[in-house]
Amino acid sequence: MIRIVYRWRVKEEDFAKFREVWARTTNHIHETVPGALGSFMLRGPEDKTEVLTVARWDSQDSWEAFWVADNPSEMVGMREIGERLSVTVYDEVDDFTC
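Since we're looking at a predicted model, the values are computed, not measured.

Engineer: Mind showing me how you'd approach the sheet that holds strand β1 (residues 2-9) here?
Structural biologist: Strands belonging to one sheet form pairs held by backbone hydrogen bonds; the direction of such a pair is parallel or antiparallel. Spatially, four strands are ordered β2-β3-β1-β4 in an open sheet, and the strand pairing comes out antiparallel. Each edge of the open sheet carries a strand with a single partner, namely β2 (36-43) and β4 (83-91). Shown here is a sheet whose adjacent strand axes are inclined to one another by a mean of 20°, direction ignored. Relative to strand β3 (residues 50-57), β1 is paired through eight bridges, and the arrangement is antiparallel. Across the sheet, the residue bridging to Arg9 is Glu50, located in β3. The strands touched by helix α1 (residues 15-32) within the sheet are β1, β2 and β3, with β2 carrying the most contacts at an inclination of about 165°.

Engineer: Sorry, what's going on with α1 here?
Structural biologist: An α-helix turns once per 3.6 residues; consequently, residues spaced three or four apart project the same way. Spanning 18 residues, α1 covers 25 Å between terminal C-alpha atoms, matching the ideal 26 Å at 1.5 Å per step. Of the surrounding elements, those touching the buried residues of α1 are β1, β2, β3, α2 (60-66) and α3 (76-81).

Engineer: Explain the packing of aromatic side chains here, please?
Structural biologist: Any pair of aromatic rings gets described here by the distance separating the centres and the angle formed by the planes. Tallying each qualifying case throughout the model produces four aromatic pairs. Ring geometry for Tyr6 and Trp67: centres 6.2 Å apart, planes at 35°, overall tilted. Within this pair, whereas Tyr6 is found in strand β1, its partner Trp67 is found in the loop between α2 and α3, the two being separated by 61 residues in sequence. Of the residues examined, Tyr6 reaches a relative accessible area of 5% and is grouped as buried. Ring centres of Trp57 and Phe66 lie 5.6 Å apart, and the angle between their planes is 35°; on these two criteria the pair is classed as tilted. Summarising the burial analysis for this pair, Trp57 and Phe66 share the class buried. Site record: aromatic cluster; members linked through ring pairs are Tyr6, Trp57, Phe66 and Trp67.

Engineer: Hey, could you run me through the side chain of Arg3 in this one?
Structural biologist: Looking at where Arg3 falls in the secondary structure, it is placed in strand β1. On the basis of relative accessibility, which here comes to 16%, the residue Arg3 falls in the buried class. Side-chain polar atoms of Arg3 contact the side chain of Asp95, separated by 2.6 Å. For Arg3, the residues in contact, after removing those within four places along its chain, are Phe40, Val54, Ala55, Arg56, Thr88, Val89, Tyr90, Glu92 and Asp95.

The rules behind these values
Position labels on residues start from 1 in each chain and follow its written sequence. Owing to the predicted nature of the model, reporting of local features is limited to residues with pLDDT of at least 70; listing and counting of side-chain atom pairs is limited to 80 or more, with chain, interface and lining totals taken over all residues. The basis for every side-chain value is the complete set of non-hydrogen atoms in the structure, without hydrogens or water. Being paired, for any two strands, means DSSP has found at least two bridges between them. Under the DSSP-based scheme used, a helix requires at least four consecutive residues in state H or I and a strand at least two consecutive residues in state E, with every element numbered from the N terminus. Here an angle of 0 to 180 degrees is reported between the N-to-C directions of two axes, which are lines fitted to C-alpha atoms, with helices fitted over the stretch in contact. Pairs of residues are marked as contacts when any of their non-hydrogen atoms sit within 4.5 Å. Expected helix span is computed as 1.5 Å times (number of residues minus one). Note on aromatic pairs: the rings of Phe, Tyr and Trp (six-membered ring only in Trp) are paired at centre separations within 6.5 Å, and the planes decide the class, stacked below 30 degrees, edge-to-face beyond 60, tilted for the rest. Type-normalised accessible area, obtained with a 1.4 Å probe on protein chains alone, sets the label of each residue: buried when under 20%, exposed when over 50%, and partly exposed for intermediate values. Any N or O atom pair separated by 3.5 Å or less is treated as a polar contact, with the protein-specific requirement of one donor-capable and one acceptor-capable atom, and with residues adjacent in sequence counted only for side-chain atom pairs.

Written as structure tokens, this is what we have:
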């Protein structure tokens, strides 16, 4: 398993719309893209414009297959509202949240 951490900058006034589009997008990807295992969102307590979305994938190969295009159509709505600052891939070592 891997986790992908996407770091975003989202204007406070755009956050509700970003959250709505992210929820629809992440659920669609989870339901339709092989290897996509869902995602969660975090928001900074002091800097409300800092947003992290953390996706779980069964493998790096599955994630890379999804990102074969530089901007998959599923991600367009989010990228129109928020600025993606970085993407970092991590191997999942343990998860005791379930």
